[in-house]
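Architecture and fold: a report
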Amino acid sequence: MKKCWQVGIILGFISFLFIAGCQSGNGEADSQEEETDSQEEAEGNHEEGDHGDEAVSFDDVPENIEIEGLSDHYHTGDVFRLEAVTEENLDHWHWYIRDSSGEEWTVAEDQYEDSYMGDAEVDGQEVLAVLYDDDHNPVAKSPVTEITIDDHEGEDHDHEDADEDDHDHNHEEEDHDH
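Heads up: these notes are all about the structure in this document. (Residues numbered from 1 in each chain as written. Predicted model: local features only at pLDDT ≥ 70, side-chain atom pairs only at ≥ 80, totals over all residues. Heavy atoms only, no water.)

Take the overall build of the chain next. The helix and strand inventory of the chain stands at 3 helices and 8 strands. Its helices and strands in sequence order give the chain the pattern α-α-β-β-β-β-β-β-β-β-α, from N to C terminus. Out of the 178 residues belonging to the chain, those deemed buried represent 24%. Excluding contacts between residues fewer than 6 apart, the proportion of contacts in the chain whose partners are at least 24 apart in sequence is 62%. (Helix = DSSP H or I, 4+ residues; strand = E, 2+ residues; numbered from the N terminus. Buried < 20%, exposed > 50% of the residue type's maximum accessible area, 1.4 Å probe, protein only. Contact = heavy atoms within 4.5 Å.)

A word on the pattern of salt bridges. Side-chain pairs of opposite charge can arise where the charged atoms are in close proximity. On inspection of all chains with the given rule, the structure shows 2 salt bridges. In this structure, Arg-81 and Glu-83 form a salt bridge, with 3.4 Å as the shortest nitrogen-oxygen distance. (Salt bridge = Lys/Arg side-chain N within 4 Å of Asp/Glu carboxyl O.)

What follows deals with the pairing of strand 3 (residues 92–98). Two faces, one strand: in a regular strand the side chains alternate between the faces of the sheet. Along strand 3, 7 of the 7 residues are buried, which leaves the element largely enclosed by surrounding structure. As defined by bridge partners, strand 3 adjoins strand 6 (residues 125–132) across 7 bridges and the pair is classed as antiparallel. Of the residues in strand 6, the one forming a bridge with Ile-97 is Val-127. Here strand 3 pairs with strand 4 (residues 106–107) via 2 bridges, running antiparallel. Residue pairing in the sheet places Tyr-96 in a bridge with Val-107 of strand 4. (Pairing = 2+ DSSP bridges.)

Before going further, it helps to spend a moment on the packing of aromatic side chains. This model, assessed by the stated rule, comprises 4 aromatic pairs. Where Tyr-74 meets Phe-80, the ring centres are 5.4 Å apart and the plane angle is 45°; that geometry is what we call tilted. On the accessibility criterion, Phe-80 (2% relative accessible area) is buried. Plain terms: the ring middles of Phe-80 and Tyr-116 are 5.9 Å apart, the flat faces sit at 40° to each other, and that makes the pair tilted. Residue Phe-80 is found in strand 2 (residues 79–85), and its partner Tyr-116 is found in strand 5 (residues 115–119); the two are separated by 36 residues along the sequence. Cluster of aromatic residues (ring-pair linked, three or more members): Tyr-74, Phe-80, Trp-95 and Tyr-116. (Phe/Tyr/Trp six-rings, centres within 6.5 Å; stacked < 30°, edge-to-face > 60°.)

In space, the 3 strands of this open sheet follow the order 1-2-5, with antiparallel pairing throughout. The two strands at the open ends of the sheet, each matched to only one other strand, are strand 1 (66–68) and strand 5. Each neighbouring strand pair of the sheet contributes to a mean axis angle of 25°, computed without reference to strand direction. As paired strands, strand 1 and strand 2 are joined by 3 bridges and run antiparallel to one another. Paired with Glu-66 across the two strands is Val-85, which belongs to strand 2. (Axes fitted to C-alpha atoms, helices over the stretch in contact; angles between N-to-C directions.)

Taken together, Asp-91, Glu-113, Asp-114, Asp-134 and Asp-135 make up a surface patch of like negative charges. Note on placement: Asp-91 falls in the loop between strand 2 and strand 3. (Patch = residues over 30% accessible without salt bridge, like charges linked within 9 Å, V, L, I, M, F, W, Y side chains within 5 Å. Areas by Shrake-Rupley, 256 points an atom, 1.4 Å probe, with all protein chains shown as cover. Lys, Arg positive; Asp, Glu negative; His and termini not counted. Charge placed at Lys NZ, Arg CZ, Asp CG, Glu CD.)

A few words now on unusual backbone geometry. One non-glycine residue, Asp-110, adopts positive backbone phi at about 60°. Position of Asp-110 relative to the elements: it lies in the loop between strand 4 and strand 5. Positive phi, normally seen in glycine, also occurs at His-152, with a value near 60°. Structurally, His-152 can be placed in the loop between strand 8 (145–147) and helix 3 (159–177).

Here it is as structure tokens:
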């Protein structure tokens, strides 16, 4: 009888661990499912497939978005940030990029806010911000913004000025020594 009682306790304990483990696993699955749902919601169903690879044109869209944050030039590999500014009370943004005016616009992945961050890799790359309404119709666009890369190849940056300063400094030292 004592042995049966011990076996019963052991089986009960094993059953408890099994049930607790199953419930814990379900909680993790639910948590992962909720996380996936919230990620999809945050992306607002902005999948590249939604926009297709077809040629896009914004010729009829009013150009009433200003772009702020553009520098005169960047160096290869610099990170740049552009900010779209408009009085429209909407927040459905897409940024489009192309390496030259002869290419088709492609939607920039993961860029659905009023700001765009990119890497300066292609001299003359063009960037365009487009604002959409709730029915996914474009209502405003920015002017085409060109990213200029100037790595100053072959240029002697401020070396002439530095030489002049050194010369003046040396001259002053010479005068000072006399």
